[in-house]
Amino acid sequence: MGKRIHNFNAGPAALPLSVLEEIQEELLDFKGSGMSVMEVSHRSKWFDNVINEAVERTGRLLNLGDDFHVLFIQGGASLQFCMIPMNLGLEGKPVDYINTGTWSTKAIKEADIQKKDVRVIASSEDKGFSYIPKDFKVDEDASYLHFTSNNTIKGTQWAEFPGSGKVPLVCDMSSDIMSRPFDVRPFGLIYAGAQKNIGPAGTALVIIRKDMLKRVPDDIPTMLRYTTFAEKNSMFNTPACLVIYTTNLVMKWLEETVGGLEKMERINKEKAAILYDFIDKSGFYQGTAAGDSRSLMNLTFRLPSEDLEKKFVEEAMKEDMGGLKGHRSVGGCRASIYNATGVDAVKDLVAFMALKRKKDKGNIKKSQSDFLRGYQF
Ligand SMILES: *Cc1c(COP(=O)(O)O)cnc(C)c1O
């Protein structure tokens, strides 16, 4: 077997090693079928068990009770940007959004294209999306209030979700679903592209409150209706079998190995604290997100110059640490430390960062410290 590296990719991202081993083990003969899970019929008892288990585990992990449907819809989180206003926008009622970065902006655009009455009730664009807005008023008249719980690119996260009264919350949780427990009751719909925190790319997990289905109009195409997926247990057509299977194994790992979302959150907080504490005390690295808005999943930071950042990413790779380059739209560095990235990986990263600082600190020019000053809050 080849070596495995510490994987800090933003998505597709690290999966638990034990899950990958489990896949390997039953790849050729899935549950005595004599076939791999990629080869069995999605109408077979074997796959029925897989998807039902995935739905049940999601329900248990998030305490969904009986009020929600758990769906798997292809097209990633990006198709949800379009399906949400199409299905859940009410006649004569505006659709409200909070804009905290690239992904929220894309979600807003899809509602705009459909000529919905879009209102952006809060935004952090004035400071380059480096913080989570606090002062805004939710209008009870809205169809829903959409927000992005974790901003994968800018490294910010809602520590507490916005209160919205009777207006159902709709949330893009692509990059922090299953990273912490939360109260699902205010949510009309939660969605997440699987490839960040719960599985491989190829499907979105969609959790929809049952009463929301009454809103779905009759005049939209079959494959774009939530009712189609709810009525057919996500199998109106052939689902992304391998993704759902892997996601189920990740959920099993969360339940049985990690021990639930409270425990997962504790570990995630510990990992983020190790890295942020080091960055803050380093006098060399600079976090780019406002202190009270920092993400526990995607930690964004800068070095004193773009040249040093480039070398940092390259040298880290030589030490078997991958994925530390910031998103191409913002530059800098980013360590994505999702559920499957262990405390050991974070400690190794900090050790590497400490060594780099020691090596490079003497060489910083004055112009480079000016470069950093642009990122202070
Ligand atoms: C990655 C990401 C998306 C896009 O997901 P796709 O599955 O590629 O469409 C949307 N929102 C957030 C917050 C993301 O991190």
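Everything numeric here is computed off the predicted structure, so don't read it as measured data. What you see as residue numbers is a count from 1 along each chain, following the sequence as written. Per-residue local features of the predicted model are confined to residues with pLDDT of at least 70, and side-chain atom pairs are confined, for both listing and counting, to 80 or more; whole-chain, interface and lining totals are unaffected and use all residues. Only hydrogens and water are set aside; all other atoms, that is, all heavy atoms of the structure, feed into the side-chain values.

K.L.:
I'd like a description of the environment of R266, backed by residues and values.
P.N.:
Put simply, DSSP marks the helices as runs of H or I at least four residues long and the strands as runs of E at least two long, and each gets a number from the N terminus on. Note that R266 resides in helix α7 (residues 261-282). Along the chain, R266 and F72 lie 194 residues apart, while their C-alpha atoms are 28 Å from each other.

K.L.:
Give a description of the site of the ligand that names residues and reports values.
P.N.:
Near the ligand lie 13 residues; those nearest to it are S78, T152, D172, Q195 and K196. One of the side-chain nitrogen or oxygen atoms of S78 is found 2.6 Å away from an oxygen atom of the ligand. Here T152 contributes a side-chain N or O atom positioned 2.4 Å from an oxygen atom of the ligand. In the complex, the protein chains occlude 87% of the 390 Å² of accessible area that the ligand would expose alone. Residue composition of the shell around the ligand, by class: three nonpolar, eight polar and two charged. Near, as used in this document, describes a residue that has one of its heavy atoms within 4 Å of the molecule or strand being considered. A 3.5 Å cut-off defines polar contacts: any pair of N or O atoms within that distance qualifies, except that in protein one atom must be a possible hydrogen donor and the other a possible acceptor, and neighbouring residues in sequence count only when both atoms are side-chain atoms. Residue-level accessible areas treat just the shown protein chains as cover; the underlying method is Shrake-Rupley with a 1.4 Å probe. Residues were grouped as follows: Ala, Val, Leu, Ile, Met, Phe, Trp, Tyr, Cys and Pro as nonpolar; Asp, Glu, Lys and Arg as charged; and all remaining residues, including Gly, as polar.

K.L.:
Summarise the pattern of salt bridges; cite the residues concerned and give the values.
P.N.:
Whenever a carboxyl oxygen of Asp or Glu lies within 4 Å of a side-chain nitrogen of Lys or Arg, that contact is scored as a salt bridge. Taken as a whole and judged by the stated rule, the model has 21 salt bridges. Between K3 and D320 there is a salt bridge, with its nearest N and O atoms 2.9 Å apart. Here K3 is found in the segment before β1 (6-7), whereas its partner D320 is found in the loop between α8 (306-318) and β13 (321-322), with 317 residues between them in sequence. The exposure class assigned to K3 is exposed, which follows from its relative accessible area of 64%. A relative accessible area of 26% means that D320 is categorised as partly exposed. Residue D139 pairs with R119 through a salt bridge whose shortest N-O separation is 3.1 Å. With D139 in the loop between β4 (118-123) and β5 (145-148) and R119 in strand β4, this pair connects stretches of sequence that are 20 residues apart. Taken together, the shared-partner salt bridges in this structure form one network comprising E53, R57, R60, E255 and E256. Residue exposure (1.4 Å probe, protein chains only): buried if accessible area is under 20% of the type maximum, exposed if over 50%, otherwise partly exposed.

K.L.:
Explain the sheet that holds β4 residue by residue, including any values.
P.N.:
The seven strands are arranged β2-β10-β9-β8-β5-β3-β4 in an open sheet whose pairing can be described as mixed. The outermost strands of the open sheet, each flanked by one partner alone, are β2 (68-73) and β4. Here the average twist between neighbouring strands, direction ignored, is 20°. Whether two strands pair depends on DSSP finding at least two bridges between them. Note that strand β8 (residues 169-172) and strand β9 (residues 187-193) share four bridges and pair parallel. Where helices are involved, their axes are fitted lines through C-alpha atoms of the stretch in contact, as for all axes, and angles between N-to-C directions lie from 0 to 180°.

K.L.:
Please provide a residue-by-residue account of unusual backbone geometry, values included.
P.N.:
G11 connects to P12 through a cis peptide bond whose omega is -10°. A positive phi angle, close to 60°, is found at K115, a residue other than glycine. In this model, M178 sits at a positive phi of 65°, which is unusual for a non-glycine residue. Note on placement: M178 falls in the loop between β8 and β9.

K.L.:
Help me get a handle on the packing of α7 against helix α9 (residues 343-360), residues and values and all.
P.N.:
Remark: α7 packs on α9, axes separated minimally by 9 Å, with the N-to-C direction vectors making an angle of 5°. Judged by the angle between their axes, α7 and α9 are roughly parallel. For the pair formed by α7 and α9, the contact residues are I267, E270, K271, I274, L275, F278, I279, K281 and S282 on the first element and V343, V346, K347, L349, V350, M353, A354 and R357 on the second. Residues belonging to the contact of α7 with α9 are distributed by class as follows: eleven nonpolar, one polar and five charged. These descriptions rest on fixed angle ranges, namely under 35 degrees for roughly parallel, over 145 for roughly antiparallel, 65 to 115 for roughly perpendicular, and the rest for oblique. We call two residues in contact when some of their heavy atoms are within 4.5 Å.

K.L.:
Just give me the short version of a nonpolar patch on the surface, but keep the residues and values in it.
P.N.:
The grouping of L27, L28, M38 and L242 at the surface amounts to a nonpolar patch, some 390 Å² of accessible area in total. Position of L27 among the secondary structure elements: in the loop between α1 (17-25) and α2 (45-62). According to the relative accessible area criterion, L27 is partly exposed, its value standing at 32%. Candidate patch residues must exceed 30% relative accessible area and have no salt bridge, after which like charges are joined if within 9 Å and Val, Leu, Ile, Met, Phe, Trp or Tyr side chains if within 5 Å.

K.L.:
How would you explain the side chain of T203 if you had to name every residue and give the values?
P.N.:
Residue position: T203 is located in the loop between β9 and β10 (204-209). A residue is classified by how much of its surface remains accessible, and T203, at 2% relative accessible area, is buried. Separated by 3.2 Å, the side chain of T203 and the backbone oxygen of I73 make a polar contact. Not counting residues up to four positions away in its chain, the partners in contact with T203 are F72, I73, Q74, A192, G193, A194, A240 and V243.

K.L.:
Could you give me a rundown of the pairing of β9, with the residues and numbers involved?
P.N.:
Most of β9 is tucked away, with seven of its seven residues classed as buried. With five bridges joining them, β9 and β10 adopt antiparallel strand pairing. What sits directly across from L189, in β10, is I208.

K.L.:
Kindly report on the domain arrangement of the chain, identifying the contributing residues and their values.
P.N.:
Split by domain assignment, the chain resolves into domain 1 (17-258) and domain 2 (261-361). By convention here, the domain bounds are inherited from an automatic or database domain assignment. For domain 1 versus domain 2, the separation of C-alpha centres amounts to 27 Å. Defined in terms of a 1.4 Å probe, buried area is the accessible area two parts forfeit on being brought together, summed over both. Overall, the association of domain 1 and domain 2 removes approximately 2000 Å² of surface from exposure, summing both partners, and the carbon and sulfur fraction of that is 56%. Counting across the interface, domain 1 meets domain 2 through one salt bridge. Remark: the boundary between domain 1 and domain 2 carries 13 residue pairs in polar contact (both at pLDDT 80 or more). For the side of domain 1 that touches domain 2, the elements supplying multiple residues, two or more each, are α2, β7 (156-157) and α6 (241-258).

K.L.:
I'd like to hear about the nonpolar core, residue by residue, with values.
P.N.:
In this description, a nonpolar core means a group of buried Ala, Val, Leu, Ile, Met, Phe, Trp, Tyr and Cys residues linked to one another through side-chain atoms lying within 4.5 Å. One finds L62, I177 and M178 to be the most contacted residues of the largest nonpolar core, which totals 51 residues. The greatest single-element share of this core, amounting to ten residues, is contributed by α6. Setting aside chain neighbours within four positions, we find M178 in contact with T58, L61, L62, N197, I198, M251, L254, L261, M264 and N339. Residues F81, M83, I84 and V170 belong to the second largest nonpolar core, which totals 28 residues.

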